[in-house]
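Chain residues, written in single-letter form:
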Amino acid sequence: MSGLRLVAVLCVLFVLVSSVFVLGVTASATESEAVSAVEGAEAAVAEAFGAVLEAERAGGNVSELLDRLDVAAAYLATAKVCVRTGDFAGAVGNAGLCVEALEGLVKDAAALRDTAARASVQRLWITTSGSVVGVVIVVCGSFLSWRWFKQRYSKRALTMKPEVADE
Amino acid sequence: MTLEGYRTLFLVGGLILGLVALIPGLSVVFSFPEGERFSELWLLGSEHMAEGYPFNVRAGEMQGPVYVGICNHMGDSQYYVVQVKFRNWTQLLPNGTMTLASPLPTLHEFGFFLADGETKEVQMGFAIVDAAFEGNVSVVAKILINNHSFPVDLSSRWNVEKQGFYYQLFFELWRYDSMMQSLRFHNRFVTLWLNMTRT
């Protein structure tokens, strides 16, 4: 009987000790998990922002993409705050939401960049050729109108009657 | 006017019209000078004015809201982070001449993306939740910012000159540098003086 009691006490002790050990490991794992989740989210935001900047520089309208980035940035900031306050589960959750908010954003930004680049090349051609055509029209127009004016001026000069001015 | 005079008039007129026609084409090749690039950072009181800031604070009393505003004039989209820090009146503020952020730990932070010319304002409420006084020293153990509690453990001696236990909440503006691929202190900060009172 006393042997059974001893086994039971040992079992309880084992469960208690192991639970404390497991909890300790879980807590430290959660902290490192939170930090790495935040780092992952930061990298995702940086990558997405780089893609959006490329699209913007290509001349694309990135306001919709910026709105999505803004949502992600808010989650990332909250995740960092959670790490500082010791709410590691909150940090992991917010970092996850941040990455979720960025889903497909890099692809969308790349597509927008390509579209904007094509439109930009088209715009460049239209502007340049428009300018060249404009200059040609101005040069020809000026030359023709000058010739017409010169003829008219000469005609008028020839038909003029000489007058003697009073002295 | 003589024929020579008219010819000069036609030449000058044609040249001006030609240049006008060339401007769109030139703007593609040459970039025209841009204005100064900068970011604005401001702090407003509870009435959205540059007044009515919290000053005399007591432990457990909610303060604010105060509004932190940012406007982007950098010429393209920016990723900004506002870091909220807390100090006593003897600790270091950011160094504006050397573009150095304060070495104090960041408590709260806000992150957002702004297009060129866009403005954003964030609201912030705070409370000193755990403070104690001992002779001519006050100690703030915790500060609550937008419902997040931050341990600070910061003491402040009685300021004889200004008659108070002075602390300061300050807001640093950081900007993502796409060349360096990291957040950098943008050399802008705003501060809020707080006088910790017993009653």
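Presented here is an overview of the structure given in this document. Source: prediction; values computed, not measured. (Residues numbered from 1 in each chain as written. Chains lettered and ligands numbered in written order. Predicted model: local features only at pLDDT ≥ 70, side-chain atom pairs only at ≥ 80, totals over all residues. Heavy atoms only, no water.)

## So, the overall build of chain B
Test applied: Comment: elements are numbered from the N terminus, with helices defined as DSSP H or I runs of at least four residues and strands as E runs of at least two. By definition in these notes, contact holds between two residues if any of their heavy atoms fall within 4.5 Å. Method for areas: the Shrake-Rupley scheme with a 1.4 Å probe, in which residue coverage is limited to the protein chains shown. In this tally, Asp and Glu contribute negative charge and Lys and Arg positive charge; neither His nor the terminal groups of the chain are included. To locate a charge, the coordinates of NZ of Lys, CZ of Arg, CG of Asp or CD of Glu are taken.
Across its full length, chain B holds 1 helix and 10 strands. Seen in sequence order, chain B has helices and strands lined up from the N terminus as α-β-β-β-β-β-β-β-β-β-β. Seen through its C-alpha atoms, chain B measures out along the principal axes to roughly 100 × 40 × 30 Å. Considering only intrachain contacts with a sequence separation of at least 6, the fraction spanning at least 24 residues in chain B is 65%. For chain B, the exposed surface amounts to about 10600 Å²; the carbon and sulfur share of it is 57%. Considering chain B, the positive charge centre built from 13 side chains and the negative charge centre built from 18 side chains are found 6 Å apart.

## As for a nonpolar patch on the surface
Under the convention used in this document: Here a patch means residues that are over 30% exposed by relative accessible area and free of salt bridges, tied together within 9 Å if like-charged and within 5 Å if nonpolar (Val, Leu, Ile, Met, Phe, Trp, Tyr). In the sections that follow, a salt bridge refers to a side-chain nitrogen of Lys or Arg positioned within 4 Å of a carboxyl oxygen of Asp or Glu. Think of it in three bands: with a 1.4 Å probe and only protein chains considered, a residue is buried below 20% of the maximum accessible area for its type, exposed above 50%, and partly exposed in between.
Taken together, A:Leu124, B:Leu19, B:Leu22, B:Leu26, B:Val28, B:Val29 and B:Phe30 make up a surface patch of nonpolar side chains, about 590 Å² in accessible area. Per-element accounting of the nonpolar patch gives the leading share, 5 residues, to helix H1 (residues 3–29) of chain B. Structurally, B:Leu22 can be placed in helix H1. According to the relative accessible area criterion, B:Leu22 is partly exposed, its value standing at 32%.

## Describing the packing of helix H4 (residues 105–159) of chain A against H1(B)
Operational definition: Only C-alpha atoms enter the line fits that serve as axes; for helices the fit covers just the stretch in contact. Angles between N-to-C directions range over 0 to 180 degrees. The cut-offs work like this: below 35 degrees is roughly parallel, past 145 is roughly antiparallel, 65 to 115 is roughly perpendicular, and the gaps in between are oblique. Asp, Glu, Lys and Arg are counted as charged, while Ala, Val, Leu, Ile, Met, Phe, Trp, Tyr, Cys and Pro are counted as nonpolar; the rest, among them Gly, fall into the polar class.
One way to put it is that H4(A) packs onto H1(B) with a least axis distance of 7 Å and a crossing angle of 170°. As far as their axial angle goes, H1(B) and H4(A) are roughly antiparallel. The residues of H1(B) that touch H4(A), namely those facing A:Leu124, A:Thr127, A:Ser131, A:Gly134, A:Val135, A:Val138, A:Ser142, A:Ser145, A:Trp146, A:Phe149, A:Lys150 and A:Tyr153, are B:Leu3, B:Tyr6, B:Arg7, B:Phe10, B:Gly14, B:Leu17, B:Gly18, B:Ala21, B:Leu22, B:Pro24, B:Gly25 and B:Val28. Classifying every residue of the contact of H4(A) with H1(B) by side-chain character gives 14 nonpolar, 8 polar and 2 charged.

## Quick notes on the packing of aromatic side chains
Just so we agree on the cut-off: Note on ring pairs: Phe, Tyr and Trp rings are taken, using the six-membered ring of Trp, and paired if centres are within 6.5 Å. Classes follow the plane angle, with under 30 degrees stacked, over 60 edge-to-face and the rest tilted.
Applying the stated rule across the entire model yields 17 aromatic pairs over all chains. Taking 5.7 Å as the distance between ring centres and 65° as the angle between the ring planes, the aromatic pair formed by A:Tyr153 and B:Tyr6 counts as edge-to-face. Highlighted residues: A:Tyr153 in helix H4 and B:Tyr6 in helix H1, drawn from two different chains. Judged by relative accessible area, A:Tyr153 falls into the partly exposed class, the value being 28%. Taking relative accessible area as the criterion, B:Tyr6 reaches 23% and is therefore assigned partly exposed. Look at B:Tyr166 and B:Trp193: their rings are 5.9 Å apart centre to centre, the planes differ by 85°, and that puts the pair in the edge-to-face class.

## Here's the deal with the pairing of strand S4 (residues 78–88) of chain B
Residues and elements named next belong to chain B. So the rule is basically this: Only when DSSP finds a minimum of two bridges between them are two strands counted as paired.
S4 sits mainly inside the fold: 11 of its 11 residues count as buried. Neither face of S4 is exposed, since Gln78, Tyr80, Val82, Val84, Phe86 and Asn88 on one face and Tyr79, Val81, Gln83, Lys85 and Arg87 on the opposite face are all buried. Here S4 runs beside strand S5 (residues 109–114); their pairing, made up of 6 bridges, is antiparallel. In the strand pairing of S5, valine 81 is matched with glycine 111.

## Considering the pairing of strand S9 (residues 164–177) of chain B
All names here are of chain B. Among the 14 residues in S9, 13 count as buried, and that is most of the element. Taken together, the 9 bridges between S4 and S9 define a ladder with antiparallel strand orientation. Counterpart to phenylalanine 86 in the pairing with S9 is leucine 169. Bridge count between strand S8 (residues 148–159) and S9: 2 bridges; the pairing is antiparallel. Among the inter-strand pairings, tryptophan 158 is bridged to a residue of S9, identified as phenylalanine 165. Counting the residues that bridge the hairpin from S8 to S9 gives 4 residues, and of these glutamine 163 lies at a positive phi of roughly 55°. In this structure, S9 lies alongside strand S10 (residues 182–196), joined through 13 bridges in antiparallel fashion. Looking at S10, one finds that aspartate 177 is bridged to serine 182. As consecutive antiparallel partners, S9 and S10 are separated by 4 residues, and within that stretch glutamine 181 has a phi angle of approximately 55°, a positive value.

## A closer look at the interface of chain B and chain A
As a measure of interface size, the accessible area lost when the parts come together is often cited. The test is simple: Simply put, the buried area is the total loss of 1.4 Å probe accessible area from both parts when two parts are fitted together. We define a polar contact as two N or O atoms separated by no more than 3.5 Å, with the added condition that, inside protein, one atom must be a possible hydrogen donor and the other a possible acceptor, whereas residues neighbouring each other in sequence contribute only through side-chain atom pairs.
Counting residues at the interface gives 35 residues for chain B and 30 residues for chain A. Both sides of the chain B and chain A interface together cover about 2800 Å² of buried area, and 69% of this is carbon and sulfur. Across the chain B-chain A interface, the total number found is 4 salt bridges. At the junction of chain B and chain A, the tally comes to 9 residue pairs in polar contact (both at pLDDT 80 or more).

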